[in-house]
Amino acid sequence: MQERELIELTGKQTQLIIELGEFAEILYWGNQVYGDIASCRSTIYRPVPYGRLDCDVPVTVSPELGRGVFSSPGLEGHRDGQDWAPVFTLKNVVQKSPKGQMFKDESLKGQTSLAENALKGQASQEGALKGQTLYLESEDALAGLRLSTEIHIDEYDIVKIRHQLTNIKSGTYQVNRFANTLPLPMRAKELMTFYGRWVKEFQTERQPLLQGGYQQENRRGRTSHEHYPALIAGSQHFDELHGDVWGFHFAWSGNHRLRVDVKADGRRYMQAEVIYLPGEMTLEEGESLTTPWLYASYSDRGLNGMSQQFHAHVRHSICSPDLIANSRPVHLNTWEGIYFNHKPEYIISMATQAAKLGVERFIIDDGWFRGRNDDTAALGDWFLDESKYPNGLEPIIKHVNQLGMEFGLWFEPEMINKNSELYRTHPDWLLAVDGYEQPTGRNQYAIDLQNSDAFNYLYERLCYFLSQYNIAYIKWDMNREIVQPGHQGRASGVRQTERFYALVDLLRSQFPHVSIESCASGGGRIDYEVLKRTNRFWPSDNNDALERQRIQRGMSYFFPPEVMGSHIGAAHCHSTRRRHSIEFRGLTALFGHMGIELDPVKEDVAEKERFAHYVALHQSLRPLLHTGINWRIPTDDDAHQAQAVVAADQSEAVVLIVQLAMPTHALSGSLRIPGLDQQAIYQISILDKPSFYENIVHTQPQWTFSGSKVSGSWCREVGITLPVLDPETAILIKLERVN
Ligand code: GLA
């Protein structure tokens, strides 16, 4: 296939133009263009300057050193020092769209090829195949390697790409690096990246994209709090509403590297890859290795446009359809209420109180299994602690169910304490390298999930509890970083992550209607690959409403609110020792998958009435909050943070205005609200406000008392005057279309 041709992959508004010939190169990724692209071809070919190689150097779908790329290649590896600079030639192409399948290469018709299998696999994995998929098969016969590439664009304009490498020659092929690559245009001049730590996840940072580019590495063995596997590139000064942005999310829960290369000639591209530990990834003849998916979203409407596309994709293609219907009941989780102090009668009284507050699912967190009295012992011993629960869990579950609530239970399956029966019986089940004493994390170690006895033991224990008891939900925790992931002496970080997926998948196939929350000391394992097999996250162990405002905002770039567990904690926050009013805590937890994380027995009547109020408010707004379109609303003062959820049909919206810190000025100006029907008239009303509201100023804005009717375009262009608010308070507004 030496002839070059251009093909298009088209989503709703986004288009990829890919040149196919000896190799495949993505030449354009942006808004859809019209006209006959073949006749425009000559306008995108590059000049060949002096002082460089004498030919044009393509950045192919997997950039190749052998074609003259001097920046990061897509694949690095060797066969005992040979075959280290592969150059792939395109052999087969299949394009598939909802209208039917199109074979670019007639020889492929009727074959059961890798392409076909991949497409079938994908269709079964993600329901009916929507959007367009391009499948490319390239080979380097000399190096004995085949490279298969899948590029997909869906109706929400999400592009996803992955590769598969197959060793087609005798001799072991050692893979050192194998990346997914997507191009960026030269106007991508700035980045927004993510950083964080335990109790401070999803922090964002802006930086220019300069010569030399950008690189982030995560070697913590889980998605990590520190290096969330996503980044955003954009045109200069891109913001929430303006500018071109390209968002990337690498769906992988282990070690990763993200980079944006700025080539010396000005071209730039993004790469995402799994970090392979030394010697970890080898392919024998006939064996294949597939990369995780890299998800990407382009928008010319700033960060909101990008996020709205990701949210739609997450809702329709990542979240499991089994778990969407009524999968967001309000939780009460016992952790911050009782920690390890479990007494069945007391837990029963907590459940009674929880039901009175409107709670719909009651969860017993850590501390219920044999010997688990603190965090130094018992992980691995997944047997009910009969000294704490002499009558078993049944009386509690029965009581919870009789009160109309579902029951949930906490597990941390991948982990083991040395002080446990499991370790005393199976010291060889540790994920470790013999002869080394690795540091502990939260006093614990990881279990080697490649050890099939260990894997089967965990599966059997989980199955036991899920079949023995009426359990609707499990909180799946993972509370340490992985230092030396050794299996039989060899590095095994990738396989450990894959075996974690396999364990969850196996369990889900057996118990498809059990909801699973992914938690890893809060937000240490939050990514799309986990979300395919779970249905909510615990974003942070920090339940301080002020910190949560920032954490939830950072998470909102790639995730809709309903997958964020957001709980009302005690007035006196356990992780920061700050105190917040129930109004601020209630409104901060309102938009997500709501819950309560405290001991309701100990709360006074007045406070409990307020919990019930926020639970009921959440329940009344839940259909809107969990299906509507999310907007992060720009504010003129960084002391404010505002967000809106607008119904898909624009008939209603809620807006949350948060006063993070002392207002900078005496007057806070106005809030311009996007996303409404520009022609429609909306009635504005206040749904909730701080208890000290009227008496902190002479007069608050008139509309906050009398309501007002305004058009969608008024909201967007003129805006509404902001009231004066105390720091760490919030106000909730509703807009309802009246015409
Ligand atoms: C982790 C979780 C918490 C809680 C504890 C229990 O820290 O993030 O929510 O479940 O473990 O030990």
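Residue positions within a chain follow its written sequence, with the count starting from 1. Selection of residues for local features in this predicted model requires a pLDDT of at least 70, selection of side-chain atom pairs for listing and counting requires 80 or more, and totals for whole chains, interfaces and linings are taken over all residues. The side-chain numbers reported here are obtained from all heavy atoms of the structure, hydrogens and water having been left aside.

- The protein has the name Alpha-galactosidase in an unreviewed UniProt entry, where Vibrio rhizosphaerae is given as its organism.
- UniProt positions are given in the numbering used here, feature names are shortened, and annotations may be inferred rather than shown by experiment. What the UniProt record of the protein gives under Catalytic activity (unreviewed entry) is the line "Hydrolysis of terminal, non-reducing alpha-D-galactose residues in alpha-D-galactosides, including galactose oligosaccharides, galactomannans and galactolipids."
- Of the protein, the UniProt comment under Sequence similarities (unreviewed entry) reads exactly: "Belongs to the glycosyl hydrolase."

**Considerations on the overall build of the protein**
Okay, so step 1: Within the protein one finds 16 helices and 40 strands.
Okay, so step 2: The C-alpha atoms of the protein give 27 Å as radius of gyration, which agrees with the globular expectation for 739 residues (27 Å, within 12%).
Okay, so step 3: With respect to the three principal axes, the spread of C-alpha positions in the protein is 80 × 70 × 45 Å.
Okay, so step 4: The buried share of the protein, taken over its 739 residues, is 61%.
Okay, so step 5: Here, residues are in contact when the closest pair of their heavy atoms is within 4.5 Å. Taking the intrachain contacts of the protein between residues at least 6 apart in sequence as the baseline, contacts between residues at least 24 apart amount to 70%.
Okay, so step 6: Here, Shrake-Rupley sampling with a 1.4 Å probe gives the accessible areas, and only protein chains in the shown set may cover a residue. Carbon and sulfur atoms make up 51% of the accessible area of the protein, which totals about 28,300 Å².
Okay, so step 7: The average position of the 74 basic charges and that of the 92 acidic charges among the side chains of the protein differ by 2 Å. Helix and strand definitions follow DSSP, with helices as H or I runs of at least four residues and strands as E runs of at least two, each counted in order from the N terminus. Restricting the calculation to C-alpha atoms gives the radius of gyration, and the globule rule supplies 2.2 Å times the number of residues raised to the power 0.38. For the exposure calls, accessible area comes from a 1.4 Å probe over protein chains only, and a residue counts as buried if that area is under 20% of its type's maximum, exposed if over 50%, partly exposed in between. Under the counting rule used here, the positive set is Lys and Arg, the negative set is Asp and Glu, and His together with the chain ends is not counted. Each charge is placed at NZ for Lys, CZ for Arg, CG for Asp and CD for Glu.

**So, the packing of helix 13 (residues 582–589) against helix 14 (residues 605–625)**
Okay, so step 1: To obtain an axis, a line is fitted to C-alpha atoms, over the contacting stretch when the element is a helix, and the angle between two such axes runs from 0 to 180 degrees between their N-to-C directions. With their axes 10 Å apart at the nearest point, helix 13 and helix 14 run at an angle of 25° to one another. Judged by the inter-axis angle, helix 13 sits roughly parallel to helix 14. You can see that helix 13 and helix 14 cross each other, and the crossing is right-handed. Touching Ile582, Glu583, Arg585, Gly586 and Leu587 of helix 13 are Glu607, Arg610, Phe611, Tyr614 and Leu617, all from helix 14.
Okay, so step 2: Only Asp, Glu, Lys and Arg are considered charged in this grouping, and only Ala, Val, Leu, Ile, Met, Phe, Trp, Tyr, Cys and Pro are considered nonpolar; every other residue, Gly among them, is considered polar. A breakdown of the residues in the contact of helix 13 with helix 14 according to their chemical character gives five nonpolar, one polar and four charged. The scheme is simple: roughly parallel for angles under 35 degrees, roughly antiparallel for over 145, roughly perpendicular for 65 to 115, oblique for anything else. Helix crossings get a hand from a simple test, with the near helix turned counterclockwise from the far one by less than a right angle marking a left-handed crossing and a clockwise turn marking a right-handed one.

**Here's the deal with the sheet that holds strand 26 (residues 473–476)**
Okay, so step 1: Strand pairing follows a simple DSSP-based rule, namely that at least 2 bridges must link the two strands. Strand order in the open sheet made by the eight strands is 30-29-26-23-22-21-32-31, with parallel pairing throughout. The open sheet has two edge strands, strand 30 (536–537) and strand 31 (565–569), and neither has a second partner.
Okay, so step 2: Note that strand 23 (residues 406–411) and strand 26 share four bridges and pair parallel. Bridge pairing links leucine 409 to isoleucine 474 in strand 26.
Okay, so step 3: In the packing of helix 10 (residues 493–510) onto the sheet, contacts are made with strand 26 and strand 29 (515–518), and the angle to strand 26 comes to roughly 175°.
Okay, so step 4: Seen against the sheet, helix 14 touches strand 31 and strand 32 (593–597) and runs at an angle of roughly 165° to strand 32.

**Section: the UniProt feature "domain: Glycosyl hydrolase family 36 C-terminal" (unreviewed entry) in the protein**
Okay, so step 1: Under the UniProt annotation, "domain: Glycosyl hydrolase family 36 C-terminal" (unreviewed entry) lies at residues 642–723.
Okay, so step 2: The span residues 642–723 is 12% helix and 35% strand, and its two end C-alpha atoms sit 13 Å from each other.

**What about helix 7 (residues 394–402)?**
Okay, so step 1: Residues of helix 7 that are buried: Ile396, Ile397, His399 and Val400. Across the axial projection of helix 7, the buried residues extend over an arc of 160°, all falling on one side. Those residues of helix 7 that are exposed and aimed more than 90 degrees away from the buried face are Lys398 and Gln402.
Okay, so step 2: Among the residues trailing helix 7, glycine 404 stands out with phi positive, at a value near 85°. Regarding the arc, it is the one traced by the directions from the helix axis to the C-beta atoms.

**Brief notes about the site of the ligand**
Okay, so step 1: One heavy atom suffices: a residue is near a molecule or strand as soon as one of its heavy atoms comes within 4 Å of it. Taken together, 13 residues form the shell around the ligand, and within it Asp365, Asp366, Arg442, Lys475 and Asp541 come nearest.
Okay, so step 2: Between the ligand and aspartate 366 there is a distance of 2.6 Å, counted from an oxygen atom to a side-chain nitrogen or oxygen.
Okay, so step 3: Pairing of N or O atoms within 3.5 Å defines a polar contact, subject to two protein rules: one partner must be a possible hydrogen donor and the other a possible acceptor, and residues neighboring in sequence count only if both atoms are side-chain atoms. The contact in question runs from an oxygen atom of the ligand to an N or O atom on the side chain of tryptophan 410, over 3.1 Å.
Okay, so step 4: When the ligand is considered free in solution it has 310 Å² of accessible area, and contact with the protein chains removes 96% of it.
Okay, so step 5: Its residues placed into classes, the shell around the ligand shows four nonpolar, three polar and six charged.

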